[in-house]
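Take a look at the letters that make up each chain.
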Amino acid sequence: MSMAQQHGLWSSPMLRWIAAGIVVINGFFPAVWILFTSLKAESELVQKPITWWPHGPTLDNYVRAFTDQPLLTYLKNSVLVASGATLLSLVVSAFAAYAIARLNLKYRQLILTCIVASSMFPLVTLLVPIFETMRALGWLNTYAALIFPYVVLNLPVCTLVLVSFFQSIPKDLENAAMIDGCTRMGALVRVVVPLAAPGVFTAGILAFVNSWDEFLLALSLNSSPAVRTLPVGIALYQGEFTFPWPIISAALIVSIVPIALLIAAFQERVVGGLTQGGLKG
C-alpha cells in the first residue's frame, strides 16, 4: 500500500471515529467498571457468569466505606496536602521558570537538562534520604512531611510547562510595566503570570493530580491515622484474609470524584495550556 493510500485510509472519518472510540473506552472502562462494582453486593460479585450491570444496585458499600475507615478524614488530608503542595509548587516553579526564560543565564540549556534529568530518578531511590530528612526535622506524621517532598517532585514538570509560556510573552510588556513603576517582581506577578494563565492552570492540575495519587511517600512518612491520605487509607480496607472489592471500589469512586470535577471545571484551560505549551516550546 502506497503512502498516499495509507494517508487516505487514516483520513477516513469512520476510522477517526473508531480510533477515538477506542481511546475513550480504554480511558473510561476501568472507572465505569469500578463504579458498577461499588454498586454490587459482595454475593453478586462472585457469581458466575459475571454480571456486568448490577442487578440489585445498593449504596451500602458507600456507607461502609465511610464507617469501616475514617474516609472523610483521609479525604480532608488529601485535599490539604495536594492543595498545599500545588500552591507551593506553582510559586517556586514560577520564579524558576521566569529566571530561565528571562534572565541571561550562561548555562540555561544545562539547567533545563538537569531539571528534566531530576524527574527521571525512581521515587524508591529517594525514599531513604527523604525519610531521614523528615525525621531529622521532626516532621514525620505531619502534613509538611508530604507537602515539601511533593513540591520537589512537582517542580520539574511545573517549571518546564511555565518556561514555554513565559518565553512566549513579549518582553516589551514587562518593560512597559517597569517603566510605570513596577519592580521586576511586580511585573512577574501583575503581567507575566496573568498572561500565562493557561500554563499556570496546566501546571497546577498536573501538580495536584500527582500529589493526590502519590502512595509510596504517603505510606512511609505518615503512619498516623490523623494525617493519612486517601491512597494509603484505601489500601487499609484489605484484611488479612478478606478483600472487600465492593467497599474498596466505593472508596475509589470517592477518591476519583474530586479529580474528575477539577478536570471538568478547568478542561478548556488545561487542554489549551497543553497544546499552546507544546506549540510554543
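Summary of the structure given here. One numbering rule holds for all chains: residues counted from 1, following each sequence as written. Where totals are concerned, whole chains, interfaces and linings use all residues; where local detail is concerned, this predicted model gives features only for residues with pLDDT of at least 70, and gives and counts side-chain atom pairs only at 80 or more. The basis for every side-chain value is the complete set of heavy atoms in the structure, and neither hydrogens nor water enter the calculation.

Observations regarding the packing of aromatic side chains
Logical step 1: Pairing of aromatic side chains here covers Phe, Tyr and the six-membered ring of Trp, requires ring centres within 6.5 Å, and sorts the geometry by plane angle: under 30 degrees stacked, over 60 edge-to-face, intermediate tilted. If you walk through the whole model with that rule in mind, you get 7 aromatic pairs.
Logical step 2: Between W33 and W52, the ring centres sit 5.3 Å apart and the planes meet at 65°, which makes this aromatic pair edge-to-face. Of this pair, W33 sits in helix α2 (residues 13-38) while W52 is found in the loop between α3 (42-45) and α4 (60-68), placing the two residues 19 residues apart along the sequence.
Logical step 3: On the accessibility criterion, W33 (27% relative accessible area) is partly exposed.
Logical step 4: Here the aromatic rings of F36 and W53 are separated by 4.9 Å at their centres, their planes lie at 70°, and the arrangement is edge-to-face. Here the residue F36 occupies a position in helix α2, and W53 occupies one in the loop between α3 and α4, the gap between them amounting to 17 residues.
Logical step 5: Exposure classes here rest on a 1.4 Å probe applied to the protein chains alone. A residue is buried below 20% of its type maximum, exposed above 50%, and partly exposed in between. With a relative accessible area of 55%, W53 lands in the exposed category.
Logical step 6: What links up through ring pairs into an aromatic cluster is the set F29, W33 and W52. In this description a helix means any DSSP run of H or I spanning at least four residues, a strand means any run of E spanning at least two, and both kinds are numbered starting from the N terminus.

A short note on the pattern of salt bridges
Logical step 1: The term salt bridge refers to a side-chain nitrogen of Lys or Arg lying within 4 Å of a carboxyl oxygen of Asp or Glu. The tally for this structure, following the rule as stated, stands at 3 salt bridges.
Logical step 2: Measuring nitrogen to oxygen at the nearest pair gives 3.1 Å for the salt bridge that ties D68 to R64. Of this pair, D68 and R64 both sit in helix α4, 4 residues apart, roughly one helical turn.
Logical step 3: The exposure class assigned to R64 is partly exposed, which follows from its relative accessible area of 42%.
Logical step 4: Here R102 ties to E174 by a salt bridge, and the two come within 2.3 Å at their closest N and O atoms. Taken as a pair, R102 in helix α5 (residues 71-102) and E174 in helix α9 (residues 171-179) lie far apart in primary sequence, 72 residues in all.

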